Each structure stands twice: as structure tokens, then as C-alpha cells.
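Breakdown of the fold
Here is what each chain is made of, one letter per residue.
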Amino acid sequence: MKYKNTKENYGLIAKFLHWGTAAFFAFSYITVYFRHWFTEPGTSMNGIALHLHLSFGVSIGVIITLRILWRITNKQPALEPSSRLAHLCAHIGHFLLYASTIIMVITGYDGTGTNTQFFKILTIPKFASTSLNDYIIVGILNTTAKGIEPLMDFIHKDVLGSLLLWILILGHASAAFYHHKVLKDRTLLKMT
């Protein structure tokens, strides 16, 4: 198997980044729902679930950055024959997935009121403790971390986390299975 993409298939690195993103998203959702459904606030299990969720979120931020860099620097496999509208919808869907993921990571990090204990390996300071907070939130937006936190939480939890991202992921997976089962083309096979 080749590491780089070819005209026919995604390479090993693109596949690893794609499925790694999917796995980190799954783990992120599992830990946050576990926290809300099965733990009590203030308990050690609640804190562990929170820091696992934050760690997976940071991991998604890293992997999505690597995915974008890899996508920019590598050729993409040729699209399967289809209509211009289908190709346009695929491009829009991918753009929305990337954009939503980036916004999800940024709003999650900015809305976090605690330092992230990244898998107990290192501590990542909360955004409010960084010079970027002073520059962007205080300097440009003329507010405080506490002042912008409700907006960040609303975007992260209510708009993206519980609704839009689920719709995009479901649409993405459904399109892949539609290509595989109905159109019987190589779209899904290129990434597996």
C-alpha cells in the first residue's frame, strides 16, 4: 500500500487521518455523553470523562490540521463519474465537514474553563490563560473569556455538537454507502 494518494486511491496517510478523525469524534462523543448521563458533577469520574473529552478534542484539532496540510500537498484521487451537481454537493459537504470540525475545536477550546490534562501526559492551558485570549477576546472583541463563553458553548454544544455535525456526519456516511451499494462505484473503496 502506498503512503501518498494516487489518481485511483487515497494513500495510507490520508486513510489514517480520515479514520483517525472518525475514531476521535466517536470517542469524544462517548466521553461527553458518558459524563452527562452517568456521572455526577464534582465526582472524580466526571472529571476524568471531561478531561478525556477535552483530550480527544485537542487530538481532533491536531489531526484536522494534519488532514488539511496533507490534502493541500497531495493530489486527490479522481472523482467517480457523476453529474456536476453531485460533485458540487460532495465538495460542499466536505467543506462543511472541515469547517464545522475546525469551528467545533475552536469553540470547545475557547469555551473550556479549565486546563486540559491531555491524556495525563501534559497540561494544556485553558484559552483564557493564553496571550491569544488577550489579543483576540480582550483586544479585538473587547470582552472577557467569561463574556464570550456562553456564545462558544452555544455554538459548540447546541448548534454543532448536538445538531449540525451529526447531520453532516450522517450525510457523509450515507453518501459513501449510497455510492457503494446503489451506484456501485469506488468512492468508498478509495478510503478503505
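Within each chain, residue numbers correspond to sequence positions counted from 1 in written order. Where local features are concerned, this predicted model is filtered to residues with pLDDT of at least 70; where side-chain atom pairs are given and counted, the filter is 80 or more; whole-chain, interface and lining totals use all residues. Calculation of side-chain values draws on the structure's entire complement of heavy atoms; hydrogens and water are dropped beforehand.

**Description of unusual backbone geometry**
Basically, it comes down to this: In this text, helices come from DSSP runs of H or I with a minimum length of four residues, and strands from runs of E with a minimum of two, each type numbered from the N-terminal end. Exposure is judged per residue with a 1.4 Å probe applied to protein chains only, and the accessible area is read against the type maximum: over 50% gives exposed, under 20% gives buried, and values in between give partly exposed.
Notably, Phe119 is not glycine yet its phi reads approximately 45°, a positive angle. Secondary-structure assignment places Phe119 in the loop between β1 (116-118) and β2 (122-124). Looking at Phe119, the relative accessible area reads 30%, which means it is partly exposed. Notably, Asn142 is not glycine yet its phi reads approximately 55°, a positive angle. For Asn142, a relative accessible area of 67% puts it in the exposed group.

**A short note on the nonpolar core**
Put simply, the test is: In plain words, nonpolar cores are sets of buried Ala, Val, Leu, Ile, Met, Phe, Trp, Tyr and Cys residues tied together by side-chain atoms within 4.5 Å. It only takes one pair of heavy atoms within 4.5 Å for two residues to be counted as in contact.
Ranked by size, the top nonpolar core spans eight residues in total: Phe25, Tyr29, Ile60, Leu97, Met104, Leu160, Leu165 and Leu168. For this core, the element with the most residues is helix α5 (residues 145-183), which contributes three residues. Non-local contacts of Ile60, meaning those with residues more than four positions away in its chain, are made with Phe24, Phe25, Ser28, Thr101 and Val105.

**Considerations on the packing of aromatic side chains**
Which entries qualify depends on this criterion: In this analysis, rings of Phe, Tyr and Trp, with Trp reduced to its six-membered ring, are considered paired at centre separations within 6.5 Å, and the interplanar angle assigns stacked below 30 degrees, edge-to-face beyond 60, and tilted for intermediate values.
A full pass over the atoms with the stated rule returns eleven aromatic pairs. On the basis of an interplanar angle of 70° and a centroid distance of 4.9 Å, the ring pair of Phe118 and Phe119 is categorised as edge-to-face. Phe118 gets classed as buried once you look at its relative accessible area, which sits at 18%.

Worth remembering: the numbers are spatial, not functional.
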